[in-house]
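Architecture at a glance
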Amino acid sequence: MFGAAALALASGCGGGEDPAAGRAVVAAFYPLAFAAEHVDATADVTNLTPAGAEPHDLELTARDVERVRDAELVLYLRGFVPALDDAVRDSATAVDLLDGLEPLEGADGKTGVDPHVWLDPMRYAALGERITEELGETADAAGFVEELEELDRDFRTGLSGCERRTIVTSHAAFGYLADAYGLEQIALTGFSPGAEPSARALEELVAEVEEEGATTVFFETLVSPELARTVAREAGARTAVLDPLEGLTDEARAAGADYFGVMRENLAALRSALGCP
Ligand code: ZN
């Protein structure tokens, strides 16, 4: 296994290793991989989550565990992929990107710490800066941060003066986005999409959606829309996609989708649901 000291030594004396070969970076899932690739074009980034898979319930293969062990840098968010939290327990090369971001705690019966920081563009920019620090001189966050500042401005403008402020989401992925733009989130499940609400909880959710006058119940691309459809039907609302960007499907990737494009689609979906001018 590579230790930090051994690495510093290897790069310091410029021996055997090809200096042009990028650093081996392992990222837990899409937004972390995208940020690493964006700030350092030389990095050799592996995304542990296969295309189209929902990373919350990712299982690591023996090959994945080996990749994590051999990587020069492992990027993760604690609490997001429990199997990876276990795999990096004694790792000297793993960086928990929630550190330093003042993570939001659970509310509304959602327990634990909310890991979905990338859905607030400015917190995502801070995450990119943190990755840049870890990667050192081959990395530069300036372009990434600039693009995110522009996205943040678009969200701020796009979500001002709207008729409604409450968003109904499938799982509780949009707490940071809501926090950044003064929205309220009603989530049908918790921080992870796995747990289904009880019949009683479902009734309460429907009542809450009706009371808030929400017109839209959002569902996700990587999770079954059944629950969102049920709540929407009961509450007399419609459904639409709000993508938490936990991963991209092969089709989306082939069509050229990336974080920035999907976030702008999210903004359009929010503007329509919230009745923005
Ligand atoms: Zn999530």
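Here's a quick rundown of the structure. (Residues numbered from 1 in each chain as written. Predicted model: local features only at pLDDT ≥ 70, side-chain atom pairs only at ≥ 80, totals over all residues. Heavy atoms only, no water.)

1. Remarks on the coordination of the zinc ion
The zinc ion binds to the protein through His56 (NE2), His116 (NE2), His171 (NE2) and Glu246 (OE); the donor distances cover 1.9 to 2.0 Å. Each of the 4 donor atoms bound to the zinc ion contributes to angles spanning 101 to 115°, and the resulting shape is tetrahedral. In the primary sequence, the donor residues of the zinc ion line up as H-x59-H-x54-H-x74-E. Taken together, the residues His56 in the loop between β2 (44-47) and α3 (62-70) and His171 in the loop between β5 (166-169) and α7 (175-181) connect sequence positions 115 residues apart. (Donors = N, O, S within 2.8 Å, 3.2 Å for Na, K, Ca; no water. Tetrahedral: all angles 85-135°; square planar, octahedral: opposite > 155°, others 65-115°. Helix = DSSP H or I, 4+ residues; strand = E, 2+ residues; numbered from the N terminus.)

2. Things to note about the sheet that holds strand β3 (residues 73-76)
Taken in spatial order, the 4 strands make up an open sheet running β2-β1-β3-β4, and their pairing is parallel. Every other strand in the sheet has two partners, leaving β2 and β4 (94-96) as the edge strands with one partner each. Put simply, the sheet's adjacent strands are angled 20° from each other on average, direction ignored. Pairing analysis gives 4 bridges linking strand β1 (residues 24-27) to β2, with the strands arranged parallel. (Pairing = 2+ DSSP bridges. Axes fitted to C-alpha atoms, helices over the stretch in contact; angles between N-to-C directions.)

3. Let's talk about the environment of Leu205
Looking at the element boundaries, Leu205 is found in helix α8 (residues 199-212). The buried category is assigned to Leu205, whose relative accessible area is 8%. The residues contacting Leu205, other than those within four sequence positions of it, are Ile186, Ala187, Leu188 and Pro197. (Buried < 20%, exposed > 50% of the residue type's maximum accessible area, 1.4 Å probe, protein only. Contact = heavy atoms within 4.5 Å.)

4. Digging into the nonpolar core
By size, the foremost hydrophobic cluster in this structure holds 73 residues, and its most contacted members are Leu77, Trp118, Leu127 and Tyr259. Elements with a contribution of two residues or more to this core: β1, α2 (30-39), β3, α5 (121-135), α6 (142-158), α7 and α11 (259-274). Counting residues per element, this core draws most heavily on α11, at 9 residues. Sequence-distant contacts of Leu77, defined by excluding residues within four places in its chain, comprise Phe29, Leu32, Asp85, Asp96, Leu97, Leu98, Pro115, Val117, Trp118 and Leu127. Counting residues in hydrophobic clusters, the runner-up holds 16 residues, among them Val168, Ala214, Val231 and Ala237. (Core = buried A, V, L, I, M, F, W, Y, C linked by side-chain atoms within 4.5 Å.)

5. Topic: the packing of aromatic side chains
Counted by the stated rule, this structure contains 11 aromatic pairs. With centroids separated by 5.9 Å and ring planes inclined at 65°, the aromatic side chains of Phe34 and Phe260 adopt a geometry described as edge-to-face. Separated by 226 residues along the polypeptide, Phe34 in helix α2 and Phe260 in helix α11 bring together distant segments of the chain. Residue Phe34 shares its accessibility class with Phe260, and that shared class is buried. (Phe/Tyr/Trp six-rings, centres within 6.5 Å; stacked < 30°, edge-to-face > 60°.)

Structural measurements only, silent on function.
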